[in-house]
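Descriptive structure summary
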Amino acid sequence: MKKIGLASDHAGYPLKEQVKEWLKEMGYDFVDFGTNSTESCNYPEFAHALANAIENGELTTGIAICGTGNGINMTLNHHTAIRSALCWMPEIAALARQHNDANVMVMPGRFIATDSAKECVTTFLNTAFEGGRHQARIDAIPVK
Ligand code: RB5
């Protein structure tokens with residue numbers, strides 16, 4: 001069963017718990033890197049834990065959530081093996097896979113409706129990278 005890595009801060013925690021239920025319904029396993037409550041915390045700790053698991057090959061795919069999505073997304077993208085995409089509608093989630101080969105999807109927990117979040121998760125996990133011209137573009141992302 002494919003395992004999805006999950007991370008959030010306190011602002012993303014409620015949606016992360018909802019995402020776990022959706023993943024179970026869809027037949028995915030998951031590894032939850034925290035946080036584990038709505039108590040205020042610092043998102044980089046959880047973002048780095050998820051990114052490290054992808055960088056070391058333990059996992060291939062992650063979903064991360066903070067209030068706006070920005071802080072956790074910025075942190076994840078400091079890791080060279082991570083292409084993390086901030087998604088709030090399924091069309092963007094699809095393009096994050098098709099064009100960017102994103103391996104982490106970030107959602108803004110305080111600014112996304114539940115049905116949109118569920119559609120983003122389903123779309124992100126079921127959309128393939130298109131390759132072709134997009135491969136050269138993602139190859140050029142790392143600072144040389
Ligand atoms: C937490 O208040 C909030 O700053 C955080 O979840 C996130 O939105 C930061 O980018």
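Presented here is a report on the structure given in the accompanying data block.

In the vicinity of the ligand, the contacting residues are D9, H10, A11, Y43, C66, G67, T68, G71 and R110. Within the contact set of the ligand, an oxygen atom lies 2.5 Å away from a side-chain nitrogen or oxygen of D9. The backbone of G71 places a nitrogen or oxygen atom 2.9 Å from an oxygen atom of the ligand. Relative to its unbound accessible area of 290 Å², the ligand is 70% covered by the protein chains. Considering only residue class, the shell around the ligand consists of 3 nonpolar, 4 polar and 2 charged.

Between the first and last C-alpha of helix α1 (residues 13-26) there are 20 Å, a value that for 14 residues agrees with the 20 Å anticipated at 1.5 Å per step. Residues of α1 that are buried: L15, K16, V19, K20, W22 and L23. In this fold, the buried residues of α1 make contact with β1 (3-8), β2 (29-32), β3 (62-66), β5 (104-108) and α5 (114-125). Just past α1, the residue G27 takes up positive phi, approximately 85 degrees.

Turning next to the environment of M1. Within the secondary structure, M1 is located in the segment before β1. Judged by relative accessible area, which is 74%, M1 ranks as exposed. When the C-alpha atoms of M1 and G57 are compared, they prove to be 16 Å apart, with 56 residues separating the residues in sequence. Here M1 is in contact with G27, Y28 and D29, once residues within four sequence places are set aside.

A word on the side chain of S8. By secondary structure assignment, the location of S8 is in strand β1. In contact with S8, not counting residues within four places along its chain, are Y13, K16, G34, T35, F46, I65 and I72.

With that settled, the discussion passes to the nonpolar core. Counting residues in each nonpolar core, the largest one holds 22 residues, and the members touching the most others are L15, V19, L23, M105, M107 and V121. The set of elements that each furnish at least two residues to this core consists of β1, α1, β3, α4 (90-98), β5 and α5. Per-element accounting of this core gives the leading share, 5 residues, to α5. Leave out the neighbours within four places in its chain, and L23 touches I4, L6, Y28, F30, V121 and L125.

Quick notes on the rules
- Residues numbered from 1 in each chain as written.
- Predicted model: local features only at pLDDT ≥ 70, side-chain atom pairs only at ≥ 80, totals over all residues.
- Heavy atoms only, no water.
- Near = heavy atom within 4 Å.
- Polar contact = N/O pair within 3.5 Å; in protein donor to acceptor, adjacent residues only side chain to side chain.
- Areas by Shrake-Rupley, 256 points an atom, 1.4 Å probe, with all protein chains shown as cover.
- Nonpolar A, V, L, I, M, F, W, Y, C, P; charged D, E, K, R; others polar.
- Helix = DSSP H or I, 4+ residues; strand = E, 2+ residues; numbered from the N terminus.
- Expected span 1.5 Å × (residues − 1).
- Buried < 20%, exposed > 50% of the residue type's maximum accessible area, 1.4 Å probe, protein only.
- Contact = heavy atoms within 4.5 Å.
- Core = buried A, V, L, I, M, F, W, Y, C linked by side-chain atoms within 4.5 Å.

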